[in-house]
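Each chain is listed here by its residues.
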Amino acid sequence: MATPEQPTQERILVAVDASAASRRALELAADLAVALRASLAGLYVEEEDLLHAAGLPFVHEIHAQSGQVTPFTATDLERHWRALASDARNALTRAAQARQIASSFQVVRGRAAQAMSDAARGARLTGLGIGTRGPARLGSVARAALGAVDSSLLLVPPQRRPGDRWVALVDTPGSAPAVLALASALTVTAATPLLLITPSLEATVAGALADPPGAALLQRVGFPEQADLPALFAILRAQRALGLILAADSRFADPTQVERLLADGGWPVMLVR
């Protein structure tokens, strides 16, 4: 049991698989764990629906080298999962050891969105790599995570855009303290985050900046109340943004806007709750 002398360490959860986006999400989550003095927890989900599909008699595997078609069974899928989970565990261990942070790893069988929601309870942040192909670029798991995960959520696209500083947007009064607290915590990173503030919230932000450690180091820039997504894109490009920090109730946090930030802009998006 934790005591005042032994506080429970905060935890950053990251969902891992074999995708490029997942690998990038892992690296970002590990860097954030250092800045936030958190442990890093990896989650690999064995998708239950795939296991059911693999048990069907008409499911076959086409081998890339030979073109040979062979049956693909649930046993084959489970063997494949074990190999992928082992690779993911090793990647997470390497990332944690390189940064000298505590880590853990778990494998869960179930539906991905629900498994992630369950594992994310009590986490400071949950990271998820996002595929950006096709019209529904967020995918069903990411869309479900937007509504089901209680922690702050980090969504990461597969491509890496040149950039070195987080940009945090404060455009909602209720979530301003949470956004400021996270941006302030990231002032220990190599590039101090930039704070975008709408005019109506300048007084709120000025008062809140007295509290979080590191807040005085944040560079502040005004952001027009009616500015649209292209205007936000322009600022992120000009500032060589590593990613964008938003309140989950920001007007830019709806799935359509988030998709554009991820797929068209290539920026990771951190939705703060």
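Please refer to the structure placed before this passage.
Rules behind the numbers
- Residues numbered from 1 in each chain as written.
- Predicted model: local features only at pLDDT ≥ 70, side-chain atom pairs only at ≥ 80, totals over all residues.
- Heavy atoms only, no water.
- Helix = DSSP H or I, 4+ residues; strand = E, 2+ residues; numbered from the N terminus.
- Buried < 20%, exposed > 50% of the residue type's maximum accessible area, 1.4 Å probe, protein only.
- Contact = heavy atoms within 4.5 Å.
- Arc of directions from axis to C-beta.
- Core = buried A, V, L, I, M, F, W, Y, C linked by side-chain atoms within 4.5 Å.
- Phe/Tyr/Trp six-rings, centres within 6.5 Å; stacked < 30°, edge-to-face > 60°.
- Lys NZ or Arg CZ within 6 Å of the ring centre and 35° of its normal.
- Pairing = 2+ DSSP bridges.

**Considering the overall build of the protein chain**
So, step 1. Each helix and strand counted, the protein chain has nine helices and 12 strands in total.
So, step 2. Within the span of the protein chain, comprising 273 residues, buried residues form 47% of the whole.
So, step 3. Here the contacts in the protein chain between residues at least 6 apart in sequence split such that 79% fall between residues at least 24 apart.

**Side note on helix α5 (residues 139-148)**
So, step 1. Those residues of α5 not exposed but buried are A142, A145 and L146. Considered in projection along α5, the buried side chains sweep an arc of 105° and stay on one side of the axis. Among the exposed residues of α5, those oriented more than 90 degrees off its buried face are S140 and G147.
So, step 2. Its buried side turned inward, α5 meets α4 (112-119), β6 (125-129), β7 (152-156), α9 (255-265) and β12 (269-272).

**Some remarks on the nonpolar core**
So, step 1. I12, L40, W166, L195 and I245 are the most contacted members of the largest nonpolar core, which totals 48 residues.
So, step 2. Ignoring any residue separated from it by four or fewer positions in sequence, one finds I245 in contact with W166, V167, A168, L169, V179, L182, L186, M270 and V272.
So, step 3. Grouped together as the second largest cluster of nonpolar side chains are 41 residues, A15, I130, L169 and A241 included.

**Considerations on the packing of aromatic side chains**
So, step 1. For the structure on display, the rule yields two aromatic pairs.
So, step 2. On the basis of an interplanar angle of 70° and a centroid distance of 6.1 Å, the ring pair of F223 and F252 is categorised as edge-to-face. Of this pair, F223 sits in the loop between β10 (219-222) and α8 (229-238) while F252 sits in the loop between β11 (241-247) and α9, and the two are 29 residues apart along the sequence. For the residue pair F223 and F252, the accessibility class agrees, reading buried in each case.
So, step 3. Lying across the ring of F233, R260 places its NZ or CZ 5.8 Å from the centre.

**Describing the pairing of β7**
So, step 1. In terms of burial, β7 is largely enclosed, as five of its five residues are buried.
So, step 2. Across the two faces of β7 the burial is the same, with S152, L154 and V156 and L153 and L155 all buried.
So, step 3. Note that β6 and β7 share five bridges and pair parallel. Across the sheet, the residue bridging to T126 is L153, located in β7.
So, step 4. Here β7 pairs with β12 via three bridges, running antiparallel. Residue pairing for β12: L155 is matched across the bridge by V269.

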